[in-house]
Amino acid sequence: MVSCGSFFKWTAGTLSMPVVVIAVGIAVVQRTVWWAGYDLKNCVGCQPKIDWSISKSRPVGKDAISQFEREGVVILPGMLEESQVEDLADEVTDRLSNTIMTDGLARFTLPHYLKYEHRLDTRSELVRDWAVHGPFGQWASQLLNASSVRLYNAESIFHQGSDSPTPCKPAWHRDTIAAPFDSSVRAITFNVYLDPIASDGPHGDALIYLAGSHKSFDHHHKELNENGEDDESDWIQPNLRVGDVLAHDPNVYHTPSGKGCWKRRSLQFRYVAVDTSTKFSFGPNRLPHGPIPWTLAHSPGIAPHGLKDGDAFGGPWYPQVYPEPLVEEHVPFGTGTGTGAVGWSVRRVLQLAQEAQDTVINPLHPDQPNKGSHAMDGPVSDPKDW
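The structure presented is a predicted model; accordingly, all values stated were derived computationally and were not measured. (Residues numbered from 1 in each chain as written. Predicted model: local features only at pLDDT ≥ 70, side-chain atom pairs only at ≥ 80, totals over all residues. Heavy atoms only, no water.)

Student: Looking at this structure, I do not really get the packing of helix 4 (residues 62-71) against helix 8 (residues 136-144). What am I missing?
Tutor: In a pair of packed helices, the angle between the axes and the distance between the axes together describe the arrangement. Close contact between helix 4 and helix 8 brings their axes to 9 Å; oriented N to C, the two are set at 65 degrees. Considering their axes alone, helix 4 and helix 8 lie roughly perpendicular with respect to each other. On helix 8, the residues that touch Ala64, Ile65, Phe68 and Glu69 of helix 4 are Gln142, Leu143 and Leu144. Its residues assigned to classes, the contact of helix 4 with helix 8 comprises five nonpolar, one polar and one charged. (Axes fitted to C-alpha atoms, helices over the stretch in contact; angles between N-to-C directions. Helix = DSSP H or I, 4+ residues; strand = E, 2+ residues; numbered from the N terminus. Parallel < 35°, antiparallel > 145°, perpendicular 65-115°, else oblique. Contact = heavy atoms within 4.5 Å. Nonpolar A, V, L, I, M, F, W, Y, C, P; charged D, E, K, R; others polar.)

Student: Would you mind showing me how to read the state of the cysteines here?
Tutor: Inspection of every chain in the model, using the stated rule, returns two disulfides. Paired by a disulfide, Cys43 and Cys46 hold their sulfur atoms 1.9 Å apart. When the S-S torsion is -80 degrees, as for the bridge of Cys43 with Cys46, the disulfide is left-handed. Under the relative-accessibility criterion, Cys46 is labelled buried at 12%. Disulfide pairing is shown between Cys168 and Cys261; the S-S distance is 1.9 Å. Torsion about the S-S bond of the Cys168 and Cys261 cystine: about 50 degrees, corresponding to right-handed handedness. On the criterion of sequence distance, the pair formed by Cys168 in the loop between strand 3 (149-159) and strand 4 (187-193) and Cys261 in the loop between strand 10 (254-256) and strand 11 (265-273) is long-range, its members being 93 residues apart. By sequence-ordered numbering of the bonded cysteines, the protein has its disulfides arranged as 1-2, 3-4. (Disulfide = S-S within 2.5 Å. Buried < 20%, exposed > 50% of the residue type's maximum accessible area, 1.4 Å probe, protein only.)

Student: How do you make sense of unusual backbone geometry when you look at a structure like this?
Tutor: Residue Pro288 is bonded to the preceding Leu287 through a cis peptide linkage, with omega at 0 degrees. With respect to the secondary-structure elements, Pro288 resides in the loop between strand 11 and helix 9 (293-298). Unusually for a residue other than glycine, Arg119 sits at a positive phi of about 45 degrees. Looking at the secondary structure, you find Arg119 in the loop between strand 2 (113-117) and helix 7 (125-133). Arg119 sits in the buried class, given a relative accessible area of 0%.

Student: Explain the layout of surface pockets to me, please; I cannot follow it from the model alone.
Tutor: Over the atoms rolls a probe the size of a water molecule, and in doing so it shows where empty space is left. When its volume is computed, the largest pocket comes out at roughly 890 Å³. Contributing to the lining of the largest pocket are 42 residues, with His112, Tyr113, His173, Pro256 and Met376 lying nearest its centre. If you list the elements that add at least two residues to the lining of the largest pocket, you get strand 2, strand 3, strand 4, strand 10, strand 11 and helix 9. Here the residues of the lining of the largest pocket sort into 21 nonpolar, 14 polar and seven charged. As for the second largest pocket, its lining consists of 25 residues, and the residues nearest its centre are Pro304, His305, Gly306, Gly334 and Ala341. (1 Å grid on protein atoms, 1.4 Å probe; cavity = no way out; pocket = protein on both sides within 12 Å on 5 of 7 lines; lining within 4 Å. Points joined across faces, edges and corners; volume = space filled by probe spheres on them.)

Student: Would you mind showing me how to read the packing of aromatic side chains here?
Tutor: Taken as a whole and assessed by the stated rule, the structure comprises 19 aromatic pairs. Aromatic pair Trp35 and Trp344: ring centres 4.5 Å apart, planes at 15 degrees, arrangement stacked. Pair noted here: Trp35 is in helix 2 (residues 33-36) and Trp344 is in the loop between strand 12 (320-322) and helix 10 (346-360), with a separation of 309 residues, a long-range link. Accessibility expressed as a relative area gives 15% for Trp35, which makes it buried. Using a relative accessible area of 10% as the deciding quantity, one classes Trp344 as buried. Centroid distance Phe280 to Tyr318: 6.3 Å. Interplanar angle 35 degrees. Geometry classified as tilted. Of this pair, Phe280 sits in the loop between strand 11 and helix 9 while Tyr318 sits in the loop between helix 9 and strand 12; the two residues are 38 residues apart in sequence, bridging distant segments of the chain. The exposure class assigned to Tyr318 is buried, which follows from its relative accessible area of 0%. In this structure an aromatic cluster arises from ring pairing among Trp52, Trp130, Phe136, Trp139, Phe190, Phe269 and Tyr271. In this arrangement the basic side chain of Lys115 is found over the ring face of Phe158, its NZ or CZ atom lying 5.9 Å from the centre. Sitting over the ring of Phe282, Arg286 keeps its end group 3.9 Å from the ring centre. (Phe/Tyr/Trp six-rings, centres within 6.5 Å; stacked < 30°, edge-to-face > 60°. Lys NZ or Arg CZ within 6 Å of the ring centre and 35° of its normal.)

Student: Would you take a moment to explain the pattern of salt bridges for this structure?
Tutor: Opposite charge on two side chains permits them to pair, given that their charged atoms come into close proximity. For the structure shown, the criterion picks out 15 salt bridges. A salt bridge links Lys49 to Glu125; its shortest N-O distance comes to 3.2 Å. Of this pair, Lys49 sits in the loop between helix 2 and helix 3 (53-56) while Glu125 sits in helix 7, and the two are 76 residues apart along the sequence. Among the residues examined, Glu125 registers a relative accessible area of 28% and is labelled partly exposed. Between Arg186 and Glu69 there is a salt bridge whose closest N-O contact spans 3.3 Å. Linking Arg186 in the loop between strand 3 and strand 4 with Glu69 in helix 4, this pair joins segments that are 117 residues apart in sequence. On the accessibility criterion, Glu69 (37% relative accessible area) is partly exposed. Within this structure, Glu155, Asp175 and Arg270 form a network of salt bridges that share partners. (Salt bridge = Lys/Arg side-chain N within 4 Å of Asp/Glu carboxyl O.)

Structure follows, in structure tokens:
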């Protein structure tokens, strides 16, 4: 007859094997590119191969710098070679496979997107060449008047167009919620469209902007003319050709125009001006904050940068691009920490979502976020306005 002690030992031993297998399986999956949404090896062996001499010989003019300062957005016409944009389109459309960012997150939380991928510079030699070695760092330094510039994301965003389960319409917002530094820090996004696009017409879904709205978070688009319609007098509505670059301050109020509904394709290269005082900042004071792109890209304990709020901004996850890239930052994530980096975990994302809920929502006024929180319209200064 088997004793109770022997039975429990046998049961524990039998059950422990599947648990070990599951644990090992999860650990393996969390190190895959598909699960993480980026390559933890950080494009090891990737080398710059594109000749950027023509684009780098096209400096940003004084008028463009003045417009960017004044309006928070500027079009840089014909700055890129069309053939190079075509190569980039082939890479992100045909050669780079989707990850959980598209297959999971976009499908269930952002269903209007056909593709949403980030940190492409970690897994594509060509995109890394564009993001780190291309002309954007030089142009960012000129537009931001910065002596040092770092990359903080490289994304591809493709829309579902008429196949979208949600209607094509404007969605005004600021990118401040997705920036891993204080809103006072100077930063810039370069939008590279892979097809001609305008703010109106059949291909009318380009980003449009409220000029000057980067200067005050109290400046919203919700202004009406005498007929009760949107006042478009301060709107910047681009018409872009392949090779043009659309640059904007992350704090400027903007939206897809929503006047066309087609499968627009674009890449966003995001940069920040850095000096010794620039600190990492990305707390749980943001809503939405859970299985959202910026959570996976920047949140401590989720993104593999190893930074916490108040740390000096930098490292392999946020590499320097100007005045020149640093070889020592082109290493696998987690190098020098004694433990290899792993991708995000569902448990940590859910935990962070709860932290955000507790941090942002005022229990006495659950329909209002707390002052200092971040929402899609930017930092909250007066909760009654939100």
